[in-house]
Amino acid sequence: MAYKILCPSIMCADFGSFRSEIADMDAAGIDQYHMDIMDGEFVPNFALSWADFAAVRKMTSKPLDAHLMVKVPSIHLPYAFKNGADIIYVHYESGNSAKYLQEIKLNGRKAGLAINPGTRIEEVQNLFPLIDTLLVMRVNPGFAGQSAVPEVEKKLAFLADMPNRKFSIRLDGCVSPDVISKWSARGIEEFVCGTASEMFGKKRGLRTYKEIVEKLR
Ligand code: DX5
Ligand code: ZN
């Protein structure tokens, strides 16, 4: 069985019952939580607020990441530090990534770079020595339930075959059970589980988190 880190996307959970949602996912053996922070400008949507983040932080001791889909990361980074984010992803497309990645490391957190489907590896590879993890978006960020952008497959194949890779790769957006089995077999380690994973929404049906996590493992 290939090694996998499963990270439920909390923007897809039931906002009316965060406490039992988190308790059930913790008990089901998920590895980390994925927290989508949006500003309504970098993406035309809002997801979790820092108040939501702080609330979830108190409910679990598992690692929380902060996926910053924001135009101005410098406004949000102090909140990520204050609220105990373990891994912080800034988008390459927000600009000034080297500065932000360095600031994240200086604050003792794992530094992550997120890249949109349209961003090429050649544009970002000079930042690889600064990162612990690369978040590869399979959809244009902002909304759950979208279809994958097909061109991302080539980028993933390149990354999977990269010799001596020193950072982990996390896939986000339209990550289905098939996507998890295909790419974990090729050495990609981490998966954001939203609606496509069958962990949330209509595709979940009547199954429990435990059953879904067992299926995805
Ligand atoms: C999208 C978010 C994702 C989202 C993925 O912008 O970054 O975390 O929840 O969920 P699905 O599986 O619905 O694409
Ligand atoms: Zn995300």
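Please refer to the structure placed before this passage.
Figured I'd write up the structure that's included with this text. (Residues numbered from 1 in each chain as written. Chains lettered and ligands numbered in written order. Predicted model: local features only at pLDDT ≥ 70, side-chain atom pairs only at ≥ 80, totals over all residues. Heavy atoms only, no water.)

Some remarks on the coordination of the zinc ion (ligand 2)
Then, number 1: For the zinc ion (ligand 2), every protein donor is listed as His34 (NE2), Asp36 (OD), His67 (ND1) and Asp172 (OD), and the spread of their distances is 2.0 to 2.3 Å.
Then, number 2: Given six donor atoms and angles of 64 to 169 degrees at the metal, the environment of the zinc ion (ligand 2) is assigned as irregular.
Then, number 3: Donor residues for the zinc ion (ligand 2) sit on one chain with the sequence pattern H-x1-D-x30-H-x104-D. One end of the pair, Asp36, is in strand S2 (residues 33–38); the other, Asp172, is in strand S7 (residues 168–172), with 136 residues separating them in the sequence.
Then, number 4: Its relative accessible area of 8% is what places Asp172 among the buried residues. (Donors = N, O, S within 2.8 Å, 3.2 Å for Na, K, Ca; no water. Tetrahedral: all angles 85-135°; square planar, octahedral: opposite > 155°, others 65-115°. Helix = DSSP H or I, 4+ residues; strand = E, 2+ residues; numbered from the N terminus. Buried < 20%, exposed > 50% of the residue type's maximum accessible area, 1.4 Å probe, protein only.)

A look at the nonpolar core
Then, number 1: Counting 65 residues, the largest nonpolar core has Met25, Leu68, Leu134, Val136, Leu171 and Met199 as the members making the most contacts within it.
Then, number 2: Val136 has contacts with Ile115, Val152, Lys155, Leu156, Leu159, Ile169, Arg170, Leu171 and Asp172, leaving out every residue within four places of it along the chain. (Core = buried A, V, L, I, M, F, W, Y, C linked by side-chain atoms within 4.5 Å. Contact = heavy atoms within 4.5 Å.)

Considering the site of ligand 1
Then, number 1: Taken together, the neighbourhood of ligand 1 is formed by 20 residues, with Ser9, Asp36, Gly145, Cys174 and Thr195 sitting nearest.
Then, number 2: Note that an oxygen atom of ligand 1 is positioned 2.7 Å from one of the side-chain N or O atoms of Ser9.
Then, number 3: A distance of 2.9 Å separates an oxygen atom of ligand 1 from a polar side-chain atom of Asp172.
Then, number 4: For ligand 1, whose unbound accessible area comes to 380 Å², protein coverage reaches 100%.
Then, number 5: Put simply, the parts of the chain that give the shell around ligand 1 at least two residues each are S2 and strand S3 (64–69).
Then, number 6: Of the residues belonging to the shell around ligand 1, the class tally is ten nonpolar, eight polar and two charged. (Near = heavy atom within 4 Å. Polar contact = N/O pair within 3.5 Å; in protein donor to acceptor, adjacent residues only side chain to side chain. Areas by Shrake-Rupley, 256 points an atom, 1.4 Å probe, with all protein chains shown as cover. Nonpolar A, V, L, I, M, F, W, Y, C, P; charged D, E, K, R; others polar.)

Concerning the sheet that holds strand S8 (residues 190–193)
Then, number 1: Spatial ordering of the open sheet is given by S1-S8-S7-S6-S5-S4-S3-S2, a layout of eight strands whose pairing is parallel. Sheet topology places strand S1 (5–8) and S2 at the edges, where each strand pairs with a single neighbour. Taking the axes of each pair of neighbouring strands and ignoring which way they run, one obtains an average angle of 25 degrees across the sheet.
Then, number 2: Summarising the sheet, S7 and S8 pair through two bridges and their orientation is parallel. The residue of S8 that forms the bridge with Arg170 is Glu190.
Then, number 3: Where helix H4 (residues 97–106) meets the sheet, it contacts strand S4 (87–91) and strand S5 (110–115), and its direction lies at approximately 150 degrees from that of S5. (Pairing = 2+ DSSP bridges. Axes fitted to C-alpha atoms, helices over the stretch in contact; angles between N-to-C directions.)

Description of the pairing of S3
Then, number 1: With respect to burial, S3 is a largely interior element, six of its six residues being buried.
Then, number 2: The alternating pattern of S3 places Leu64, Ala66 and Leu68 and Asp65, His67 and Met69 on opposite faces, both of which are buried.
Then, number 3: Two strands pair when backbone bridges link them, and S2 and S3 are joined in this way by six bridges, in the parallel orientation. Opposite His34, over in S3, you have Asp65 as the bridge partner.
Then, number 4: Handedness of the crossover is the feature at issue here: the chain leaves S2, passes through helix H2 (residues 50–59), returns alongside S3, and the resulting connection is right-handed.
Then, number 5: Since S3 and S4 lie parallel, the crossover through helix H3 (residues 73–82) that links them has a hand, and here it is right-handed. (Right-handed = clockwise from strand over helix to strand, strands pointing away.)

Let's talk about the pairing of S1
Then, number 1: Going residue by residue along S1, you find Ile5 and Cys7 tucked away on one face and Leu6 and Pro8 tucked away on the opposite face as well.
Then, number 2: In terms of strand pairing, S1 meets S8 through four bridges, oriented parallel. The partner of Ile5 across the bridge, within S8, is Glu190.

Details of the state of the cysteines
Cysteine pairs can be covalently joined through their sulfur atoms, and such a bond is termed a disulfide.
Then, number 1: Tallied over the full model, the rule gives zero disulfides.
Then, number 2: Left without a disulfide partner, Cys7 is nearest to the cysteine sulfur of Cys193, which lies 6.7 Å away. (Disulfide = S-S within 2.5 Å.)

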